[in-house]
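For reference, the chains in residue letters:
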Amino acid sequence: MNTKLILVEGIPGSGKTSTAEYISSYLNRKNIANELFKEGNLDHPADYESTACLSKDEYYKIQSQLKSDKKSLTDYIIKNDDDYLIEYGKLYHDKKINISDEILNQLTDSDIYNLTPVKHSHVIKDKWIKFAKKAVTQGQVNIFECCFLQNPLTTMMAYHNTSKDYIIKHVKDLEQIISELNPLLILLEPKNIEEQFDRVKKERSEEWLNFVIDYVTNQSYGQENNLNGYSGLIEFYQDLAELELNIFSKLSLNKILIKDPHLNWKQNYQKINAFLKKALGGRDEEEAI
């Protein structure tokens, strides 16, 4: 297969996970080695999940507060230039380490996705660079959801109210970093944002919905634009989807736009099949869904 990376993107509930799983199954049927990295994977090769970024002084302060064997902490630390990246998601689940709620809250506050836009972009791009260098030598296709468009757009818009030009530049930089992997991008575009979230809120927990509403309405973008409650959530994702399509149009990589994905999944999978078949160099035959 010519590509080493397939990116599946779209707003919450658009069908990213189902589509990514379908693509992985498709490649398995073709005996093409692949690995799917879903949103929230603590071992994601190009993104960070539940990872704090600390200065040297901040790191030693946290270390001094730990009651357990401090050497065990080193298993969850990545030294990155002058920064100390602490994988607190993994640290939290390690029974050997006694981590208090106070320390956990400090690490959460210092999450990579809470950094300034410039710092966040630098740290994220550095990991993408390392991933790309390794992936180009591997004999497998990596399948990612969320981390190329959805995560950076949500963070930079909602949390920082970053300029659209800066966000576009960040994504374009990522495109350049992964260019040698001949990536494929599949963007799932819902026809109606409000109808999509009306459906999603029936499928997901009230806790999830309240978290997302709080994140997109009570941060910089929401406050600047006077967003409130469920209607504010809809307005935010309408704006994000518009920017996402704008960025999509500016990207040079091999891509496909799936409009109104939930309308007819069988038809959409056929479109994805044809898209993947072309990327395979026409080596396989058309198959039924």
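The numbers attached to residues start from 1 for each chain and follow its sequence in the written order. Per-residue local features are limited, in this predicted model, to residues with pLDDT of at least 70; the limit for side-chain atom pairs, both in listing and counting, is 80 or more; totals at the level of whole chains, interfaces and linings are taken over all residues. Excluded from the side-chain calculation are hydrogens and water; included are all heavy atoms of the structure.

A. Local environment of helix α1 (residues 16-29). Helix numbering and strand numbering both begin at the N terminus, where a helix is a DSSP run of H or I of at least 4 residues and a strand a DSSP run of E of at least 2. Expected span, for any helix, means 1.5 Å times one less than how many residues it has. Given a rise of 1.5 Å per residue, 14 residues ought to cover 20 Å, and the 20 Å separating the end C-alpha atoms of α1 matches this to within 8%. Exposure is judged per residue with a 1.4 Å probe applied to protein chains only, and the accessible area is read against the type maximum: over 50% gives exposed, under 20% gives buried, and values in between give partly exposed. Among the residues of α1, those classed as buried are K16, T19, A20, Y22, I23, S24, Y26 and L27. If you follow the buried residues of α1, they end up packed against β1 (5-9), β2 (34-37), β6 (141-145), β7 (184-189) and α12 (265-279). Positioned one or two residues after α1, N31 has a phi angle of 55 degrees, which is positive. Should any heavy atoms of two residues lie within 4.5 Å, those residues are considered in contact.

B. Examining the pattern of salt bridges more closely. Salt bridge, as used here, is a side-chain nitrogen of Lys or Arg placed within 4 Å of a carboxyl oxygen of Asp or Glu. Counted under the stated rule, the structure contains ten salt bridges. The residue K90 makes a salt bridge to E87 at a minimum N-O spacing of 3.7 Å. Several salt bridges converge on common partners, so that one network encompasses D43, E87 and K90.

C. The arrangement of the sheet that holds β6 in detail. Pairing in this open sheet of five strands is parallel, and the strands run β2-β6-β1-β7-β8 from one edge to the other. Each edge of the open sheet is held by one strand with a lone partner, namely β2 and β8 (254-259). Taking each pair of neighbouring strands and ignoring which way they run, the sheet shows an average axis angle of 15 degrees. In terms of strand pairing, β1 meets β6 through four bridges, oriented parallel. What sits directly across from I6, in β6, is I143. Note on pairing: two strands pair once DSSP finds at least 2 bridges between them. Here the axes come from fitting lines to C-alpha atoms, over the contacting stretch only for helices, and the angles between their N-to-C directions go from 0 to 180 degrees.

D. Layout of α12. Taking 1.5 Å as the rise per residue, α12 with 15 residues should run 21 Å; its terminal C-alpha atoms sit 21 Å apart, in good agreement. The elements touched by buried residues of α12 are β1, α1, β7 and β8. Think of a polar contact as two N or O atoms within 3.5 Å of one another; within protein, one of them needs to be a possible hydrogen donor and the other a possible acceptor, and neighboring residues in sequence only count if both atoms come from side chains. Capping of α12 at its N-terminal end is provided by N264; its side-chain oxygen lies 3.3 Å from the backbone amide nitrogen of K266. Taken from the residues just after α12, G281 is the one with a positive phi, measuring 80 degrees.

E. Broad picture of the pairing of β6. Taken across its five residues, β6 has five buried, putting it largely inside the fold. In β6, alternate side chains face the same way, and those of V141, I143 and E145 on one face and N142 and F144 on the other are all buried. Note that β2 and β6 share four bridges and pair parallel. Residue pairing across strands places E35 opposite N142, the latter belonging to β6.

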